[in-house]
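Listed here are the chains, written in short residue letters.
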Amino acid sequence: MTTPVSYEIEDGIAVITIDNPPVNALGHAVREGLWQAIDRFAGDDAAKAALVLGEGKLFLGGADISEFGKPPKEPSLPDLVGHIEAAPKPVICAIQGAALGGGLEVALGCHYRVAMPGAKLGLPEVTLGIIPGAGGTQRLPRLVGLKKALEIIPAGGSVAAEEAVEIGLADRLGEGAPKAAGLAYARDLVADGAAPHPVGTLPCPEADDAALEEARAHWARRNRGEVARLAAIDAIEAACARDIADGMAEERRIFQEMIDTPQRAGLIHAFFNERKTAKLPELKGVTPRDVSRIGVIGGGTMGSGIAASALLGGLDVTLIERDDAAAEKAQATVTRTLDGAVKRGKLAEDKRDAILSGAFRTATEYDALSDADLAVEAVFEDMDVKTEVFATLDRVMKPGAVLATNTSYLDVAAIAATTSRPADVIGLHFFSPAHVMKLLEVVVPDTTAPEVTATAFALAKKMGKTAVRAGVCDGFIGNRILSAYRASADRMVLAGASPYEVDRAVRAFGWPMGPYEMGDLAGLDIGYATRQRRATTRDPRDIVPTWADELYHLGRLGQKTGRGYYIYEEGARGGTEDPEVLDLIEKAREAQGASRREFTEAEIQRRYMAALVNEAARVLEEGIAQRPLDIDVTFLYGYGFPRWRGGPMHWADSEGLPALLADIERYAEEDPFFWQPAPLLKRLVAEGRSFQDLNDAQTGDAA
Ligand code: T1G
């Protein structure tokens with residue numbers, strides 16, 4: 001097998017090129033090849049300096065994550081970085097695209113660094129539940145100082161090439177191709193008689209206890225429960241008091257601790273699975289249709305958000321509203337969103353102007369969509385309204401155009417059946433705010449053509465969305481499962497828990513907020529409307545949170561009315577508990593003859609998650625989700641499930657399905673209607689299998 005590391009001499013410079021597609025990950029063969037290339041350079045009198053390059057779109061994508069958890073193979077990455085740093089002659093690297101994690105640590109082992117415009121230099125390790133483990137926590141602070149290192153490393157962040165030069169992380173901003181820029185710099189250094197400049201021997205950064213404590217407090221609050229970010233701060237602190245060898249030893253100790261944590265397993269699970277949702281057997285070899293011009297019907301919150309998200313993804317957008325006033329309102333909303341992107345540095349001003357003057361327009365006539373490749377409607381959630389919109393789209397849009405609905409629960413198959421082209425109809429369920437939330441549920445009726453599904457996934461990628469394939473049912477994957485664990489909360493409240501205890505327990509588990517805070521945020525009228533919609537088909541054995549209906553009738557709709565489950569004072573952060581709500585719930589319990597008991601935080605968490613997993617097993621069984629990983633990614637990207645737990649299905653596996661099933665069977669003794677154990681869960685336990693086994697079985701033959 002050819003080595004992924006080549007060595008050639010050009011004008012007295014040893015050019016060492018790493019070519020390990022797709023991201024030049026520093027797997028064993030690369031580490032071995034790089035080690036040997038440095039040895040060859042050290043003994044090569046024809047080489048006055050060395051230039052390290054990464055072939056392709058980026059320099060180095062970091063350690064090979066797929067090697068984690070496997071027996072390490074020498075040379076280790078920290079040893080390799082030390083080997084580069086110890087070279088007797090200057091080693092330069094030129095960084096294009098990205099130098100991430102171990103990739104940046106290799107660059108820090110080099111004596112000089114050229115950063116090409118557009119490149120990002122970062123240490124994302126904490127997002128994988130580990131810390132930089134090849135000297136990043138020791139060398140970066142020596143180069144850029146403690147404060148800047150505390151900004152970058154615990155955030156898993158990166159800096160652009162220009163900033164890298166400003167802060168001293170890179171020595172020069174390159175021009176043209178990375179190799180030419182690197183060679184030019186190497187020649188200059190040789191001409192100047194520059195000596196090797198080992199970063200590791202630079203003085204320790206000045207300690208600053210206040211900055212360290214501020215960073216610890218920030219990350220403990222912002223990413224509650226995560227350990228790696230705090231561990232990274234400990235490693236950075238070590239750099240302030242120890243020489244490089246001692247500091248590296250401390251970093252290694254902490255790194256090994258993190259490698260063994262369930263959080264590392266969860267975050268790596270998330271990393272690989274978010275890249276698998278688009279790998280569907282049904283799409284193998286299927287070519288998506290080209291989509292560059294889309295229509296959005298409806299300029300309300302969702303429609304404007306979808307339009308803005310598509311514009312930010314480089315698409316041409318025509319937004320249809322019913323009249324000029326509504327169109328102007330939508331125009332203003334989209335403009336405000338793009339202005340926000342400019343303010344946050346996510347969009348250049350001139351790009352915003354070009355979008356607003358060229359790529360975006362509103363219209364009140366559907367004929368404006370005659371050459372659109374795809375249209376997505378985000379009109380009122382009513383089947384008659386949707387049917388009328390689709391009839392018009394069916395009439396005006398060109399053959400081969402995709403007709404999509406953003407409905408969050410209506411039957412997409414039924415909508416498709418009202419058109420002359422059901423094979424071109426699909427569901428694109430965006431989450432609000434659509435220009436922020438990454439999740440997109442691609443809802444696929446049986447009538448949809450595979451290339452239309454492939455087109456939806458290609459559109460999602462263009463829009464920077466993570467798409468998950470969902471089947472047709474009420475609520476698809478996420479909202480259907482949400483309604484189950486939401487109902488488990490109501491059952492606990494009816495049985496004696498306060499909504500405030502439930503919210504606290506759910507937050508302590510790692511969710512961003514509890515179900516009652518979430519209800520107040522979204523508006524309690526939404527829950528009320530859903531209960532009304534389902535009232536005619538509700539099973540008489542089911543419970544009704546009558547207190548929630550009472551809150552609605554009292555006009556207590558949540559944050560938007562200042563009162564819901566909580567009281568929201570003007571300018572106060574969050575809501576305060578309300579004894580009146582507890583009285584109201586007590587009356588509801590009495591009216592339903594419910595007896596009261598205490599709930600511990602652990603039991604609330606367990607029941608909440610058991611309800612989620614039990615319904616998820618049904619969703620899998622029915623094929624609404626094809627793999628457990630699709631459910632994991634749905635909850636990571638659409639519902640704020642704590643990423644360091646990997647996803648609810650990964651959590652269930654780590655808890656053990658037998659214990660989870662035993663709990664559900666015990667709950668079923670008191671409430672057989674709600675706690676019916678899902679047949680798939682029983683089958684997996686009987687067969688000694690896990691949800692991960694289902695993932696492995698499915699993705700084996702994926703695209
Ligand atoms: N190791 C192994 N596989 C990787 C990988 C990596 N580091 N990075 C990407 N892949 C795979 C990915 O799974 C996908 O596989 C394919 O490459 C294309 O990825 C000691 C220990 C570099 C910005 O965290 O951020 O260094 O699905 O679709 O959009 O301190 O990949 O095709 O089979 O994402 O062009 C630190 C992680 C590791 C960077 C490119 N490095 N990667 O984005 O491609 S820990 C990272 C990324 C570390 C040291 C520690 C992105 C990218 P498949 P992609 P992309």
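Residues numbered from 1 in each chain as written. Predicted model: local features only at pLDDT ≥ 70, side-chain atom pairs only at ≥ 80, totals over all residues. Heavy atoms only, no water.

**Describing the UniProt feature "domain: 3-hydroxyacyl-CoA dehydrogenase C-terminal" (unreviewed entry) in the protein chain**
Feature annotation in UniProt assigns "domain: 3-hydroxyacyl-CoA dehydrogenase C-terminal" (unreviewed entry) to the following positions: residues 475-568 and 606-689. The span residues 475-568 is 60% helical and 2% strand by assignment, and the distance between its end C-alpha atoms comes to 30 Å. Across residues 606-689, helical content stands at 69% and strand content at 0%; the span's end C-alpha atoms are separated by 21 Å. (UniProt positions renumbered as here; feature names shortened; annotations may be inferred. Helix = DSSP H or I, 4+ residues; strand = E, 2+ residues; numbered from the N terminus.)

**Regarding the site of the ligand**
Near the ligand you find 27 residues, and of these Lys-57, Gly-102, Glu-105, Glu-125 and Lys-279 are the closest. One of the backbone N or O atoms of Ile-65 is found 2.9 Å from a nitrogen atom in the ligand. Here an oxygen atom of the ligand sits 2.5 Å away from a polar atom, N or O, in the side chain of Glu-125. Contact with the protein chains hides 74% of the accessible area of the ligand, taken as 1000 Å² for the molecule alone. Where the shell around the ligand is concerned, the elements lending two or more residues are α3 (102-109) and α11 (262-273). Considered class by class, the residues forming the shell around the ligand number 16 nonpolar, 5 polar and 6 charged. (Near = heavy atom within 4 Å. Polar contact = N/O pair within 3.5 Å; in protein donor to acceptor, adjacent residues only side chain to side chain. Areas by Shrake-Rupley, 256 points an atom, 1.4 Å probe, with all protein chains shown as cover. Nonpolar A, V, L, I, M, F, W, Y, C, P; charged D, E, K, R; others polar.)

**Re the packing of helix α22 (residues 546-553) against helix α23 (residues 579-591)**
Running from N to C, α22 and α23 point in directions that differ by 130°, and their axes come no closer than 9 Å. On the basis of the axis angle, α22 is oblique to α23. Seen from above, α22 lies across α23 with right-handed handedness. Residues Thr-546, Trp-547, Glu-550 and Leu-551 of α22 pack against Val-581, Leu-584, Ile-585 and Ala-588 of α23. A breakdown of the residues in the contact of α22 with α23 according to their chemical character gives 6 nonpolar, 1 polar and 1 charged. (Axes fitted to C-alpha atoms, helices over the stretch in contact; angles between N-to-C directions. Parallel < 35°, antiparallel > 145°, perpendicular 65-115°, else oblique. Left-handed = near helix turned anticlockwise from the far one by under 90°. Contact = heavy atoms within 4.5 Å.)

**A closer look at the nonpolar core**
Grouped together as the largest cluster of nonpolar side chains are 74 residues, with contacts concentrated most on Trp-511, Ile-631 and Phe-691. The leading source of residues in this core is helix α24 (residues 601-621), at 11 residues. Shared between two domains, this core takes at least three residues from each, and those domains are domain 2 (292-470) and domain 3 (480-629 + 642-699). With sequence-adjacent residues up to four places away left out, Phe-691 is seen in contact with Val-613, Leu-620, Pro-628, Met-649, Ala-652, Asp-653, Leu-657, Leu-681 and Leu-684. Residues Ile-16, Cys-93, Trp-219 and Ala-232 belong to the second largest nonpolar core, which totals 73 residues. (Core = buried A, V, L, I, M, F, W, Y, C linked by side-chain atoms within 4.5 Å. Buried < 20%, exposed > 50% of the residue type's maximum accessible area, 1.4 Å probe, protein only. Domains from an automatic or database assignment.)

**Considerations on the sheet that holds strand β13 (residues 374-377)**
Taking strand neighbours across the sheet as the criterion, the 8 strands line up as β12-β11-β10-β13-β14-β15-β16-β17 in an open arrangement whose pairing is mixed. With partners counted over all chains shown, the strands left at the sheet margins are β12 (360-363) and β17 (466-470), one partner each. Put simply, the sheet's adjacent strands are angled 25° from each other on average, direction ignored. Where strand β11 (residues 316-320) meets β12, 4 bridges bridge the pair, whose relative direction is parallel. (Pairing = 2+ DSSP bridges.)

**Let's talk about the UniProt feature "domain: 3-hydroxyacyl-CoA dehydrogenase NAD binding" (unreviewed entry) in the protein chain**
The UniProt record annotates "domain: 3-hydroxyacyl-CoA dehydrogenase NAD binding" (unreviewed entry) at residues 294-470. Taken end to end, residues 294-470 is 43% helix and 21% strand, and its first and last C-alpha atoms sit 22 Å apart.

**Side note on the sheet that holds strand β7 (residues 120-122)**
Here we have 3 strands laid out as an open sheet, ordered β5-β7-β8, and mixed in their pairing. Strand pairing shows two members of the sheet lacking a second neighbour, β5 (98-100) and β8 (158-160), which therefore form its edges. Strand-to-strand twist across the sheet, computed as the mean angle between neighbouring axes with direction ignored, equals 15°. Relative to β8, β7 is paired through 3 bridges, and the arrangement is antiparallel. Counted as the bridge partner of Lys-120 is Ala-160 from β8. Against the sheet, α3 touches β5 and β7, its axis set at about 95° to β5.

**Remarks on the packing of helix α19 (residues 499-509) against helix α20 (residues 515-522)**
Pairs of packed helices are described in terms of their axes, by the angle between the two and the distance that separates them. Packing of α19 against α20 leaves a shortest axis separation of 7 Å and a crossing angle of 100°. As judged from the angle between their axes, α19 and α20 are roughly perpendicular. Touching Pro-499, Val-502, Asp-503, Val-506 and Arg-507 of α19 are Pro-515, Tyr-516 and Glu-517, all from α20. Across the contact of α19 with α20, the residue classes tally to 5 nonpolar, no polar and 3 charged.

**Re the domain arrangement of the protein chain**
Domains assigned within the protein chain are domain 1 (5-260), domain 2 (292-470) and domain 3 (480-629 + 642-699). For domain 1 versus domain 2, the separation of C-alpha centres amounts to 42 Å.

**Quick word on the environment of Asp-44**
As for its placement among the helices and strands, Asp-44 is situated in the loop between α1 (28-42) and β3 (49-54). Accessibility expressed as a relative area gives 17% for Asp-44, which makes it buried. Sequence separation between Asp-44 and Pro-78 is 34 residues; the distance between their C-alpha atoms is 24 Å. Not counting chain neighbours up to four residues away, the residues in contact with Asp-44 comprise Tyr-7, Ile-9 and Lys-89. At 2.8 Å, the side chain of Asp-44 and the backbone nitrogen of Ala-46 are in polar contact.

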